[in-house]
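Chains, contacts and geometry: an overview
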Amino acid sequence: MQEEPYFYHPLENIEDIDEFETAVERTHLTKGLSKERPYTYWTLELYDQENGIRGGGGLGVLAADTRRIAEQMGVDFALITPFYPSEPHQVMQGETVVDEHVPVDYRNFGFKYIDSVNVKCAGNLCHLDVIEKCFRSTRIICITEPNFGELYSGMSGSDHRLYQEVSLGFGGYAALKLLGLKPAIMQLNEVATFFAALSRLDELASNGMDFYEAVVYTRKHTLYTNHTLVQAAEAEFSEEQFERFVYPNLKSPAVRKWIKDKFVNGKLKLSSVAIEIAELRSGVSKLHARVANYHDIAGNKVKFKAVTNGIDMNKWVLPSILKFYHENNIVDNINYPANNFVDNLGCITAEQIRSLKSEGRKILNEVLSSRPDQNGVFLHFNDDEFVFDFKRRFVDYKRPELPFKDLNRLKAILESANAHYILAGRIHTGDHNMAEKLHKILHEIKKDDYLSTHVHYIADYDEKLAFALSCGSNVAINVPIVGLEACGTSWMKDIANLNLLISTHDGGVADASSENYLSVRGSTEDDELGELYRRMEEAIAAWQNDFDLEFLIQKQLAAYIPVISGSRMMRDYLDYLFPA
Ligand SMILES: *Cc1c(COP(=O)(O)O)cnc(C)c1O
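Model, not experiment: these values are computed from the prediction.

Concerning the domain arrangement of the protein chain
Domains assigned within the protein chain are domain 1 (17-309 + 572-577) and domain 2 (360-546). Using only C-alpha atoms to locate each centre, domain 1 and domain 2 end up separated by 33 Å. Taken together, the contact pairs 27 residues of domain 1 with 33 residues of domain 2. Approximately 2400 Å² of surface area, both sides summed, lies buried where domain 1 meets domain 2, with 51% of it carried by carbon and sulfur atoms. Put simply, domain 1 and domain 2 have 3 salt bridges between them.

Some words on the environment of S285
Residue placement: S285 occurs in the loop between β12 (280-283) and α10 (286-291). Take S285: its relative accessible area is 0%, and that puts it in the buried class. When the C-alpha positions of S285 and A196 are compared, they lie 25 Å apart, and in sequence the two are 89 residues distant. Aside from chain neighbours lying at most four places away, what touches S285 is A306, V307, T308, A486, C487, G507, G508 and D511. Of note is the side chain of S285, whose polar atom sits 3.1 Å from the backbone nitrogen of H288.

Side note on the site of the ligand
Neighbouring the ligand are 15 residues, the closest being K398, A466, T489, S490 and K493. Taking K398, its side chain carries an N or O atom lying 2.6 Å from an oxygen atom of the ligand. A distance of 2.6 Å separates an oxygen atom of the ligand from a polar side-chain atom of K493. Contact with the protein chains removes 97% of the 390 Å² of surface that the ligand exposes when unbound.

Notes on the side chain of H89
With respect to the helices and strands, H89 occurs in strand β3 (residues 86-93). There is a polar contact of 2.8 Å between the side chain of H89 and the side chain of D460. Discounting residues that sit within four places of it in the chain, H89 has contacts with R54, V98, D99, E100, V102 and D460.

A word on the environment of C487
In this fold, C487 is placed in the loop between β17 (475-478) and α19 (490-496). For the pair C487 and I413, spaced 74 residues apart in sequence, the C-alpha separation works out to 29 Å. In contact with C487, not counting residues within four places along its chain, are V284, S285, T308, N309, M492, G507 and G508.

Focus on the packing of aromatic side chains
Overall, the coordinates contain 22 aromatic pairs when judged by the stated rule. When the ring of F211 is compared with that of Y212, the centres are 5.9 Å apart and the planes differ by 55°; the resulting orientation is tilted. Here F211 falls in the buried class, since its relative accessible area comes to 6%. Grouping aromatic residues by their ring pairs yields a cluster made of F170, F194, F195, F242, Y247 and F263. One Lys or Arg, R107, reaches over the ring of Y106 and ends 4.7 Å from the middle of that ring.

Digging into the sheet that holds strand β19 (residues 518-520)
Strand order in the open sheet formed by 6 strands is β16-β15-β14-β17-β18-β19, and the pairing between neighbours is parallel. Edge strands, defined here as strands with exactly one partner in the open sheet, are β16 (455-458) and β19. Across the sheet, the mean angle separating the axes of adjacent strands is 20° when strand polarity is ignored. Pairing between strand β14 (residues 387-391) and strand β15 (residues 420-424): 5 bridges, direction parallel. Looking across to β15, one finds that F390 is bridged to L423.

With respect to the sheet that holds strand β6 (residues 124-135)
One open sheet accounts for 9 strands, arranged β5-β6-β7-β2-β1-β8-β9-β12-β13; its pairing is mixed. Both outer strands of the open sheet, β5 (112-121) and β13 (305-306), are each paired with one neighbouring strand and no more. With respect to the sheet, helix α5 (residues 194-206) is in contact with β1 (39-42), β8 (185-189) and β9 (222-226), its orientation differing from that of β8 by roughly 150°.

With respect to the nonpolar core
Formed by 97 residues in total, the largest nonpolar core has its most connected members in Y325, F388, Y421, M536 and Y560. The residue makeup of this core includes at least three contributed by each of domain 1 (17-309 + 572-577) and domain 2 (360-546). If we ignore the near neighbours within four places in the chain, the residues touching Y325 are M313, V317, I330, V331, I495, A496, L498 and L557. Core analysis: the next-biggest nonpolar cluster, separate from the first, contains 65 residues, A205, F237, L250 and A278 among them.

Here's the deal with helix α4 (residues 159-178)
For an α-helix, 3.6 residues make a turn, and residues three or four places apart therefore share a direction. For α4, spanning 20 residues, the distance from its first C-alpha to its last is 27 Å, which sits close to the expected 28 Å at 1.5 Å a residue. The element α4 is largely enclosed, with a buried count of 15 among its 20 residues. Trailing α4 by a residue or two, G180 shows a phi angle of about 75°, which is positive.

Considering helix α8 (residues 253-260)
Among the residues making up α8, those that are buried are A254, V255, W258 and I259. Each buried residue of α8 sits inside an arc of 130° when the element is viewed along its axis, so together they form one side. Tucked inside the fold, the buried residues of α8 contact α5, α6 (211-220), α7 (239-245), β11 (267-269) and α9 (270-277). You can read the cap of α8 off the contacts: a side-chain oxygen lies 3.2 Å from the backbone nitrogen of A254, and it is on S252.

Reading guide: rules and limits
Residues numbered from 1 in each chain as written. Predicted model: local features only at pLDDT ≥ 70, side-chain atom pairs only at ≥ 80, totals over all residues. Heavy atoms only, no water. Domains from an automatic or database assignment. Contact = heavy atoms within 4.5 Å. Buried area = accessible area lost by both parts, 1.4 Å probe. Salt bridge = Lys/Arg side-chain N within 4 Å of Asp/Glu carboxyl O. Helix = DSSP H or I, 4+ residues; strand = E, 2+ residues; numbered from the N terminus. Buried < 20%, exposed > 50% of the residue type's maximum accessible area, 1.4 Å probe, protein only. Polar contact = N/O pair within 3.5 Å; in protein donor to acceptor, adjacent residues only side chain to side chain. Near = heavy atom within 4 Å. Areas by Shrake-Rupley, 256 points an atom, 1.4 Å probe, with all protein chains shown as cover. Phe/Tyr/Trp six-rings, centres within 6.5 Å; stacked < 30°, edge-to-face > 60°. Lys NZ or Arg CZ within 6 Å of the ring centre and 35° of its normal. Pairing = 2+ DSSP bridges. Axes fitted to C-alpha atoms, helices over the stretch in contact; angles between N-to-C directions. Core = buried A, V, L, I, M, F, W, Y, C linked by side-chain atoms within 4.5 Å. Expected span 1.5 Å × (residues − 1). Arc of directions from axis to C-beta.

Here it is, written out as structure tokens:
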């Protein structure tokens, strides 16, 4: 920063001089975590159906898991997110998936109304309700209003998105003040939450802190967590949009000038300013942190600290399997890998695996009893029936269509074990390409009597279905184009629930070596496809052989229990944020 600040106030003017100094030293910050000074986690997306909030996919699942893990570990933690008054669901109409919109009322989910806050938008004062729900050391704080819209409604550079993002940032920051909370740290779950950090910078700079010191302070206390690989793909906002939605909410002319200067040809990518305002930056797997291609304004490549996502095992692992892990000293009481957990895995027998999976199958059957497949059939699988699943958001890079490239081969594999193949996954609203791909798969399948009764699509993929499939199927298929998956967490649910994993070596799967699961490698898609089919045959054979089943399940768990463990993730974040 070369220019003189607009206002200069000596540091003595602010109440937080000690705080400022410790922040600059970055040493004793842990002491700073308390009920009034929580770890704050900002996210536009939360996937927490129990609490009335349905997300879009992994980003929201991660946010909900992070909050629950903080609760289990007693970390003072506040998650700030919108409460969307409407949520999209998907239903089948013939071979096509269509969206339905369902209103949601926060009063039905135990949220308490606190008060309202205002943000300025396009010449209007918008009132946002602040609502809160507490869970021991943690809480969810939401801002909401009847016209807030749905998650990811509209285009990503649209006015409405900017309105939602500005509301969360400025409204959410005002909500914290209303509740008497000061963030010890602000974790930005993706760049859409940038305005929370901007709001803090603006508060410091307009309350007497010198602008440069305010920048330093905000930077030291902000962690930007990136989930996207390429900066180029990110949406941009125009300066004209900022004039209507952002500048009216800024009190400090210095902050306004700071952000104005970041526009290039009248456009701004939020990542470029998120990088400026957050000294702490993380990626969500080892591979992702290494390959994420981001540059700061000066053109230097940005380094990301790898903190691989984990899952809340209390939520995602079948209770009897989790009990088994606890009793055999595989994970401890906060689901952190136990000492000697690898040795302790040696006790798992094929008989136990089959008996635990049979309990999981009951859950799958229960969930499927109210969710028909594309033919309107309510499925039920006996313990001896073999089930493959592919369950994940339908986006191009995840390649849901890959196993259907050679229908004869797929059919031969399924016939060899009388196996079923379940597809589940949400298509992003407006993604006609993926809707067409699904339509085509279902259309082709329908022409064959065997495939049409052994390949099933279950609509409206959500947490319940994700859990049921990971508990109740035998083999999970995860084949993103290598290099495009940031982490992925559904494969973690599968490994933890004793499924065999067939996967390409990508995202968090690549945290360990490809020797540890049924890996799909190849330099062309045809090679990968051949490998995928061979792995499917291998998986069928392994479930018919006790020795192989034990060996493969133990190997998966030995390599991935530490990756999967959500408390491991939380400790990694705390170590990064509050170094000893
Ligand atoms: C676990 C989960 C995800 C995460 O999916 P990935 O493709 O592994 O990132 C997405 N949606 C739902 C409903 C989930 O339960």
